[in-house]
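Commentary on secondary and tertiary structure
Each chain is listed here by its residues.
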Amino acid sequence: MISNTFLSVSDFKNILRSLIHDFFSKKHIRDEILEDEKELWNIPLGDFSNHFDIWHEITGIFSNMFSVPYSKLDAGTCPAEIVRDVYYRWSLQDNEARSIKFYTSGSTGTPKICCHTESEIRQEIYELLPHILKPSQILVTVPFHHLYGFTFGIAVPRFLSIPSFSLLPLPTVLRNTVTKYDTLVSIPFILEKLVKCYKEEKFTCMQVITGTMPLDPKVGDFLQSTKIACLEIYGSSETGVIGIRKSTSEPFTLQSYFSYKCEDNILLRCLNSGKEKEYPLMDNLQWLDTRHFFILGRSDRAVQVGGINVYPERVEEYLNKHPYIAKCTVRLSQKDFRLKAFIVLQNGNVTQQIRKEIREYVKNGLSPAEQPVVFDFGEDLPRNDLGKIVDW
């Protein structure tokens, strides 16, 4: 007998679809079968030419998300069978034990697994629902197999009994698809592009839900001026939603099941069972009282360069003061354990003279351990599907 889960087979199908497109796009593989939605689910995996090894990897991650080992995969298996089998076996698990595993974005290092029980997900959704308007549909530009996309693209629509659809994160697609009856779930990076493209035109939707990084106040002002409701989310793959706010000028409000332990700089989550879970805070927060806060930025994270503590954020701040540099990101290279920098120039044109001047600037203002030894240049910073800056 299937337990009382709020998820359906179609939800699992959307998660697997998200994984499929993510894997194939990252490997720069195009397969016509992937573009035919009806064919995709019922064609044996053996028909996907030379990509059977990728299907093994995708199926492994998908089944592991739901703690359901999958060993039946062969050339005759079709994706629809994988979805049904994993869903059925997951649904049979005990209500209290049933959980879903999500990977972190990997923006601060190697992606890690974060486990969320269905009870924790329900607790979170019930508290979010009063702040979410009920649209005709929810349109999502983030992957369903990440916690953010799952929460607002699958769980919330399921509780509201409305459909949700995945959209390409392109301003032209959003402008031509989203209506005043829809809610758009996206990320600040995409919203900034949208506002930049259509700042002279009216972009309409019922509500924008955004998260994964702070929303630019200019975007918030644009939404307010066009009478679009905004819900900004603060959280992480480890914690889920920590706080929400409806204007960039307001502080975030802590979710009621969290409490802040100041002396240890940790959050305590009170579960429905009465037990508590501890989460260390990865950001510097300015607390106005026990329930309201502003985000000041990431906590300083030192990396070791030749046995010396170095702070990449300090190096970024120094580089961003150079007149040629529009923005940059700095990381520790895993090859030689020295710093490397990825730079976006103001005018976009990289010349040997510019490279030379930036190196001189670095040499004159930073200690030897702080100086990046590799400089890469591009039109924009390297980001993942959630808009977070990643390694390159």
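The following refers to the structure shown. (Residues numbered from 1 in each chain as written. Predicted model: local features only at pLDDT ≥ 70, side-chain atom pairs only at ≥ 80, totals over all residues. Heavy atoms only, no water.)

On the basis of which strands lie adjacent, the open sheet formed by three strands has the order β17-β18-β19 and mixed pairing. Each edge of the open sheet is held by one strand with a lone partner, namely β17 (325-332) and β19 (374-377). For this sheet, the mean inter-axis angle between neighbouring strands, taken without regard to orientation, is 25°. Inspection of the sheet shows β17 paired to strand β18 (residues 339-345) by seven bridges, in the antiparallel sense. Residue pairing for β18: L332 is matched across the bridge by L339. Contacting β17 and β18, helix α11 (residues 312-319) crosses the sheet at an angle of about 160° to β17. Strands in contact with helix α12 (residues 352-365) are β17, β18 and β19; relative to β19, the strand with the most contacts, it is inclined by about 135°. (Pairing = 2+ DSSP bridges. Helix = DSSP H or I, 4+ residues; strand = E, 2+ residues; numbered from the N terminus. Axes fitted to C-alpha atoms, helices over the stretch in contact; angles between N-to-C directions. Contact = heavy atoms within 4.5 Å.)

Next up on the list: helix α6 (residues 118-128). For α6, a buried count of eight out of 11 residues is recorded, marking the element as mostly surrounded by other parts of the structure. Within α6, the full set of buried residues consists of E118, S119, E120, I121, Q123, E124, I125 and L128. (Buried < 20%, exposed > 50% of the residue type's maximum accessible area, 1.4 Å probe, protein only.)

Inspection of the secondary structure assignment puts K227 in the loop between α10 (217-225) and β7 (229-236). Spatially, the C-alpha atom of K227 lies 13 Å from that of Y181, the residues being 46 residues apart in sequence.

The full count for this structure, using the stated rule, is 19 aromatic pairs. Where F12 meets F62, the ring centres are 6.2 Å apart and the plane angle is 85°; that geometry is what we call edge-to-face. A residue pair is termed long-range when its members are at least 10 positions apart, and F12 in helix α1 (residues 9-26) and F62 in helix α4 (residues 52-65) qualify at 50 residues. Its relative accessible area of 0% is what places F62 among the buried residues. (Phe/Tyr/Trp six-rings, centres within 6.5 Å; stacked < 30°, edge-to-face > 60°.)

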